[in-house]
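# Commentary on secondary and tertiary structure
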Amino acid sequence: MTQPKITAFLDSTGQTNVTDPDGKSHERAFADLPSARRAVREAAAKHAAEYGVPVELEITDPSGLHALLVHADGDTELIGGDLPVPARDAAAGSRFQPTPAKAPAAVPAHIAEPVKPAQDPTVEESPVVEESAAVVLEKPLTSTPAPKVPSDEHARPARGSDLPSRDLSHLEEPAQVAAPAGAESPAPALPSRKSLRDADAQSFVRADVVVEPAVQGWRGILNNLVPSLSLAPGEAERLEREWVRLVARHYALTRTIAVINQKGGPGKTMTTTCLAAVFGRSGGSVLAWDNNETSGSLGDRTERGDHGASALDVLTRAAHLLSDASRAADINAFVHRQITDRYDVLRSDSDLLGTHEVTADEVDTLHAVASKFFNVLLMDSGNNHRAGNWNRMIDHADQLVVPVTINDDDVHKGLLTLKGLALRGDRTAELASQAVVIVSQKAPGQHKDAENTAAQFAEYVRETVIIPYDPALVSGVIRFGALQPATRLAWLKAAAAVAKGL
């Protein structure tokens, strides 16, 4: 089978002249040159799908001649690189030619044909311009007088047309037929008007969606190598951009994310730190809060600031921090900044001799302080689902995250945690059904088991996400930049899933 070929000529204004593989030519006008390029490539992809083979696309535009191979899925390969624009013979005229005029309709025999005025045979008759044609004239029109042409509503360019200006002085308006003597002239029809009170200003704004060119994969490489190309991103890159958009949102009110599982060791603290890093790196004002009633491990997995303050210290200064006299920087004396991951940590009390346990009322106070200074709160939690501080955390939560591993105990306790909330009341049941379950792999080679675990939870919750094994998550301080690219992408996906519920 011969390789199907499409030839396209594009000018700087977005005007196109395209010849399809079957030899048919057609012209269209677009808003600009990039829009015209995208439309031509999309049309080539459709032809490739019809023929079942890639289509050769030859584009000539102000930047040169480009030979591309377009596949049915939109993938584009550059063949031959940039070629010089071939010189065109001036006698060949423009590529944008008028559409042949339609034949006039037959005149009934009983209607007499009007007598044509005598015409000087030396004067060439001016052609009738077909109005639906997109005409680009390369030579100035002659000023030789021409006979009047009949009025035809199809002979005027459409209003708003962005075709190049042209001299149409040789086309005169038809003579007005004088009304019979004594007859009243008909009143001119007034244009109908809409009420300005009902005007929709948005309807005057163009709704074109501009997509940034691809920067990843072979599309990104081609866009960098060929300045005239503007290939759209592939499906994977578009999905990643959507995840980034979701995570980067800011909220009018503080949003609280509770990370819960009655079982110890399924990765609650790791999940809290990694989600906080994704939200923090996206520009949010983020606090990771260790809501253990005694001593938690969030302080062990994050950087320590230049002080040793904890949630108990915030309680002693809560009155000042909640007052109008407090300043934005006052909270910095109590939280520990994660420099590279751009979020803050509120640690639990780590005093070995301490006996204080955080109460439900104290959670209310701490949440009020945190909500004044931060937009997104991620609350790490202990294992006691009967504790007052655990249940008050649920009262404040906008979204639940349940970390599990492939271990049966983690899976069982995670499901029981959700079931208990579903049985408690309507609000907690809704929270449980909208939860995000994160399945972490603790060792290499667990992907298949992780998929099975995720499938078990998928029937009960809004979304499940699998995190691959990464040595940087096993122990010590977690730094998001030290994770492998696949792990960072998985946590971005997890954070986007959480953001959908906020």
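This is a predicted model, so every value here is computed, not measured.

## Details of helix α12 (residues 485-500)
Look at α12: 23 Å from first C-alpha to last across 16 residues, which is about the 22 Å you get at 1.5 Å a residue. Turning to α12, its buried residues are T487, A490, W491, L492, A494, A495, A496, A497, V498 and A499. Next to the buried residues of α12 lie α3 (235-247), β7 (255-259), α4 (268-281), β12 (399-404), β13 (436-440) and β14 (463-467).

## Structural notes on the sheet that holds β7
Strand order in this open sheet of eight strands is β9-β10-β8-β11-β7-β12-β13-β14, and the pairing throughout is mixed. Lying at the two open borders of the sheet, with one neighbouring strand each, are β9 (336-338) and β14. Averaged over all pairs of adjacent strands, the angle between their axes in this sheet comes to 25°, without regard to strand direction. The sheet contacts of helix α8 (residues 388-396) involve β7, β8 (286-291), β11 (376-381) and β12, and relative to β11 the element is tilted by about 150°.

## Some details on the pairing of β14
Taking every second residue as pointing to the same face, the buried face of β14 carries E463, V465 and I467, while none of T464 and I466 on the other face is buried. With five bridges connecting them, β13 and β14 associate as parallel partners. Paired with V436 across the bridge in β14 is E463. You can see the chain leave β13, run along helix α11 (residues 447-458) and come back into β14, and the turn it takes is right-handed.

## Side note on the nonpolar core
Grouped together as the largest cluster of nonpolar side chains are 43 residues, with contacts concentrated most on I260, L287, I394, L400, L418 and V437. Beyond its immediate chain neighbours, meaning those up to four positions away, V437 contacts V402, V404, L418, F457, V461, E463, T464 and V465. With 39 residues, the next largest nonpolar core counts L246, M270, C274 and A288 among its residues.

## Focus on the pairing of β8
Of all six residues in β8, six are buried; the element is thus mostly enclosed. Side-chain alternation along β8 places V286, A288 and D290 on one buried face and L287, W289 and N291 on a second face that is also buried. Here β8 pairs with β11 via six bridges, running parallel. Counted as the bridge partner of A288 is L378 from β11. With three bridges joining them, β8 and strand β10 (residues 343-346) adopt parallel strand pairing. Paired with W289 across the bridge in β10 is L346.

## Digging into helix α1 (residues 33-51)
The end-to-end C-alpha distance of α1 is 27 Å, a good match for the 27 Å that 19 residues give at a rise of 1.5 Å each. Looking at α1, one finds that the buried residues are L33, S35, A36, R37, A39, V40, R41, A44, A45, H47 and A48. Within two residues after α1, G52 carries a phi angle of roughly 80°, on the positive side.

## Considerations on the side chain of R347
By the element assignment, R347 lies in the loop between β10 and α7 (360-373). Here R347 occupies a buried position and makes no salt bridge, while the nearest side chain of opposite charge, D300, is found at 6.2 Å. At 3.1 Å, the side chain of R347 and the backbone oxygen of G299 are in polar contact. Setting aside anything within four residues of it in sequence, one finds R347 in contact with D290, G299, T302, E303, R304, A309, S310, A311 and H336.

## Considerations on the packing of helix α9 (residues 408-424) against helix α10 (residues 426-433)
Taken N-terminus to C-terminus, the directions of α9 and α10 make an angle of 145°; their axes are 6 Å apart at the nearest point. Crossing handedness for the pair α9 and α10: left-handed. In this structure, α9 uses L418, L421, A422 and R424 to contact α10, whose residues at the interface are T428, A429 and A432. Here the contact of α9 with α10 is composed, by residue class, of five nonpolar, one polar and one charged.

## Quick notes on the side chain of D20
On the secondary structure map, D20 appears in the loop between β2 (15-19) and β3 (25-29). One buried charged residue, D20, forms no salt bridge at all, with the nearest opposite charge on K24 at 7.4 Å. A distance of 3.4 Å separates the side chain of D20 from the side chain of H26, its partner in a polar contact. The contacts of D20, once residues within four sequence positions are left out, are K5, I6, H26 and H47.

## Details of unusual backbone geometry
Positive phi, close to 60°, is recorded for R342, a residue that is not glycine. Mapped onto the elements of the fold, R342 is located in the loop between β9 and β10. Judged by relative accessible area, R342 falls into the partly exposed class, the value being 44%.

## Some points on the packing of α3 against α12
The N-to-C vectors of α3 and α12 enclose an angle of 50°; their axes lie 8 Å apart at closest approach. Judged on the interaxial angle alone, α12 and α3 are oblique. The crossing of α3 and α12 is left-handed. Residue-level inspection shows E240, W243, V244, L246 and V247 of α3 in contact with α12, the latter providing L489, L492, K493, A495, A496, A499 and K500. Here the residues of the contact of α3 with α12 are counted per class, giving nine nonpolar, no polar and three charged.

## Focus on the environment of L246
Looking at where L246 falls in the secondary structure, it is placed in helix α3. Here the alpha-carbon distance between L246 and S282, two residues 36 residues apart in the chain, equals 9.7 Å. Beyond its immediate sequence surroundings of up to four residues, L246 is in contact with Y251, A496, A499 and K500.

## A few points about the pattern of salt bridges
As enumerated under the stated definition, the model contains 15 salt bridges in all. One salt bridge connects D361 with R392, and the closest N-O pair in it is separated by 4.0 Å. Linking D361 in helix α7 with R392 in helix α8, this pair joins segments that are 31 residues apart in sequence. The exposure class assigned to D361 is exposed, which follows from its relative accessible area of 56%. When the shortest N-O distance is used, the salt bridge between E463 and R462 registers 3.8 Å. Given the relative accessible area of 27%, R462 is considered partly exposed. Here the salt bridges do not stand alone but share partners, grouping D361, D364, R392 and D395 into one network.

The rules behind each value
Residues numbered from 1 in each chain as written. Predicted model: local features only at pLDDT ≥ 70, side-chain atom pairs only at ≥ 80, totals over all residues. Heavy atoms only, no water. Helix = DSSP H or I, 4+ residues; strand = E, 2+ residues; numbered from the N terminus. Expected span 1.5 Å × (residues − 1). Buried < 20%, exposed > 50% of the residue type's maximum accessible area, 1.4 Å probe, protein only. Contact = heavy atoms within 4.5 Å. Pairing = 2+ DSSP bridges. Axes fitted to C-alpha atoms, helices over the stretch in contact; angles between N-to-C directions. Right-handed = clockwise from strand over helix to strand, strands pointing away. Core = buried A, V, L, I, M, F, W, Y, C linked by side-chain atoms within 4.5 Å. Lys, Arg positive; Asp, Glu negative; His and termini not counted. Salt bridge = Lys/Arg side-chain N within 4 Å of Asp/Glu carboxyl O. Polar contact = N/O pair within 3.5 Å; in protein donor to acceptor, adjacent residues only side chain to side chain. Left-handed = near helix turned anticlockwise from the far one by under 90°. Nonpolar A, V, L, I, M, F, W, Y, C, P; charged D, E, K, R; others polar. Parallel < 35°, antiparallel > 145°, perpendicular 65-115°, else oblique.

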